[in-house]
Amino acid sequence: MRVQDVMTRGVKTVPVTATADEAWTQMRMKRIHHLVVLDARAMVGVISDRDMGGRGGAAVRNRRLVRELMTKGVITIAPDAPVRKAANLLRGRSIGCLVVTDHGYVVGIITTADLLDLIGRGAERSVATSRRWTLNHRVPHRKRHQATGTW
């Protein structure tokens, strides 16, 4: 299974100049946990509800801009990458999302919740249904006599 089969399309974005309260409101209204941060059209970061202190983080968000709280150095993945690679990146870096890019354009986002949904649905590695087991018996080669060149 590929990332494009699991990712969420229609990524929600926020400008780098937005206030943290505006970003928080957008997340609550759309019931999401991550926003891609844009400066003009360029992706410069990701901001999560954890970055903004969660439900009790009003003091963290107070009079702050998104650029102050966002995570820079966004980890991206290609849409045709295996889901296993995405899971290993998320787990290995202890992050909650990967931005899916295709030739530099943001096309989706994949989160730990997306992967948990996949497991919960019971999606597993596809198995060939008509796999035949064949035994190949190899006969050892006879040694050629070095001196005579005969078998």
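Now for a description of the structure that goes with this document. Since the model is a prediction, treat every value here as computed from it, not as a measurement.

Turning to the overall build of the chain, a few remarks are in order. Per the secondary structure count, the chain includes six helices and six strands. For the chain, buried positions account for 30% of its 151 residues. Expressed as a percentage of contacts within the chain between residues at least 6 apart in sequence, the contacts between residues at least 24 apart total 52%. Working note: accessible area of the chain is about 11200 Å², and carbon and sulfur atoms make up 50% of it.

With that settled, consider unusual backbone geometry. In the Ramachandran plot, Arg63 falls in the positive-phi region, its phi being about 55° despite a non-glycine side chain. Along the chain, Arg63 turns up in the loop between helix H3 (58-61) and helix H4 (66-69). Despite not being glycine, His103 has its phi angle at roughly 55°, a positive value. Its location among the elements puts His103 in the loop between strand S5 (97-102) and strand S6 (105-111).

Moving on to the sheet that holds S5. Ordered in space as S4-S5-S6, the three strands form an open sheet in which the pairing is mixed. Of all strands in the sheet, those with a lone pairing partner are strand S4 (76-77) and S6, marking the two edges. Of the pairings in the sheet, the one linking S4 to S5 comprises two bridges and is parallel in character. Across the sheet, the residue bridging to Thr76 is Val99, located in S5.

Applying the stated criterion to the full structure yields three salt bridges. The shortest N-O distance in the salt bridge between Arg61 and Asp21 comes to 3.7 Å. Here Arg61, found in helix H3, pairs with Asp21, found in helix H2 (residues 20-30); they are 40 residues apart in sequence, far enough to count as distant. According to the relative accessible area criterion, Asp21 is partly exposed, its value standing at 37%. Among the ionic pairs, Arg28 bridges to Asp49, the shortest N-O distance being 3.9 Å. Note that Arg28 is positioned in helix H2 and Asp49 in the loop between strand S3 (42-48) and H3, a separation of 21 residues in sequence. Taking relative accessible area as the criterion, Asp49 reaches 15% and is therefore assigned buried.

A large share of S5 lies buried, amounting to five of its six residues. Where S5 and S6 come together, six bridges link them in antiparallel fashion. In the strand pairing of S6, Leu98 is matched with Ile110. From the end of S5 to the start of S6, which pair antiparallel, there are two residues, and His103 there has a positive phi angle of about 55°.

In spatial order, the strands read S1-S2-S3; together these three strands make up an open sheet with mixed pairing. Pairing within the sheet leaves two strands with one partner each, and these edge strands are strand S1 (13-15) and S3. Between one strand axis and the next, the sheet turns by 35° as a mean value, whatever way the strands run. The sheet contact formed by strand S2 (residues 34-39) and S3 spans six bridges and is antiparallel. Residue Asp39 lies in a different strand from S3, and its bridge partner there is Ala42. In this fold H2 packs onto S1, S2 and S3, with an angle of close to 135° to the strand it touches most, S2.

Conventions adopted
- Residues numbered from 1 in each chain as written.
- Predicted model: local features only at pLDDT ≥ 70, side-chain atom pairs only at ≥ 80, totals over all residues.
- Heavy atoms only, no water.
- Helix = DSSP H or I, 4+ residues; strand = E, 2+ residues; numbered from the N terminus.
- Buried < 20%, exposed > 50% of the residue type's maximum accessible area, 1.4 Å probe, protein only.
- Contact = heavy atoms within 4.5 Å.
- Areas by Shrake-Rupley, 256 points an atom, 1.4 Å probe, with all protein chains shown as cover.
- Pairing = 2+ DSSP bridges.
- Salt bridge = Lys/Arg side-chain N within 4 Å of Asp/Glu carboxyl O.
- Axes fitted to C-alpha atoms, helices over the stretch in contact; angles between N-to-C directions.

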